[in-house]
Amino acid sequence: MTTTKGYACPATPCSLEVDRSDEFDVTFTKPGYQPQMIPVRTKVAGAGAAGFAGNVIAGGVIGMGVDAATGAAFDHTPNPVNATLVPDALPSAQVRNRKARRGEAGM
């Protein structure tokens, strides 16, 4: 698993610590399987939204700016990132079964 920000894990499952404001793409690869890329984006966190709104009352624009600059108001989505890899080629028995169901000549 690698990301466009340079994060990597040699095996999965794994956990990474990333800045809350980082947006990146995660690519999962494994020999014999098609790679899968999943975008990870930021969104205003559930509690962050309330805190962000609370900044208008308590801290005004300065409080909102601090939360936005530090990423404290953000969460990543999806989190966790899950991927199901698809084999490059189906085993020959599965190919024959699919052809048989479609009425094609088997080998």
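Placed above this text is the structure.
Conventions and cut-offs
- Residues numbered from 1 in each chain as written.
- Predicted model: local features only at pLDDT ≥ 70, side-chain atom pairs only at ≥ 80, totals over all residues.
- Heavy atoms only, no water.
- Pairing = 2+ DSSP bridges.
- Helix = DSSP H or I, 4+ residues; strand = E, 2+ residues; numbered from the N terminus.

Asker: Looking at this model, I keep getting lost on the sheet that holds strand β2 (residues 24-28). Mind explaining?
Answerer: Pairing between the strands of a sheet comes from backbone hydrogen bonds, and it takes one of two forms, parallel or antiparallel. Sheet architecture is open: four strands sit in the order β1-β2-β4-β5, paired in antiparallel fashion. Each of the sheet's edge strands pairs with one partner strand only, and the pair in question is β1 (2-3) and β5 (74-77). One ladder, built from five bridges, connects β2 with strand β4 (residues 36-44); its direction is antiparallel. Among the inter-strand pairings, F28 is bridged to a residue of β4, identified as Q36.

Asker: Looking at this structure, how should I read unusual backbone geometry?
Answerer: Excluding glycine, residues mostly carry a negative phi; peptide bonds, for their part, are mostly trans. Omega for the bond connecting T12 with P13 falls within 30 degrees of zero, at 5°, which places this linkage in the cis form. Within the fold, P13 resides in the loop between β1 and β2. Following T77, the chain continues into P78 via a peptide bond in cis, with omega recorded as 0°. With respect to the helices, strands and loops of the structure, P78 is situated in the loop between β5 and β6 (86-87).

What is shown is where atoms sit, not what they do.
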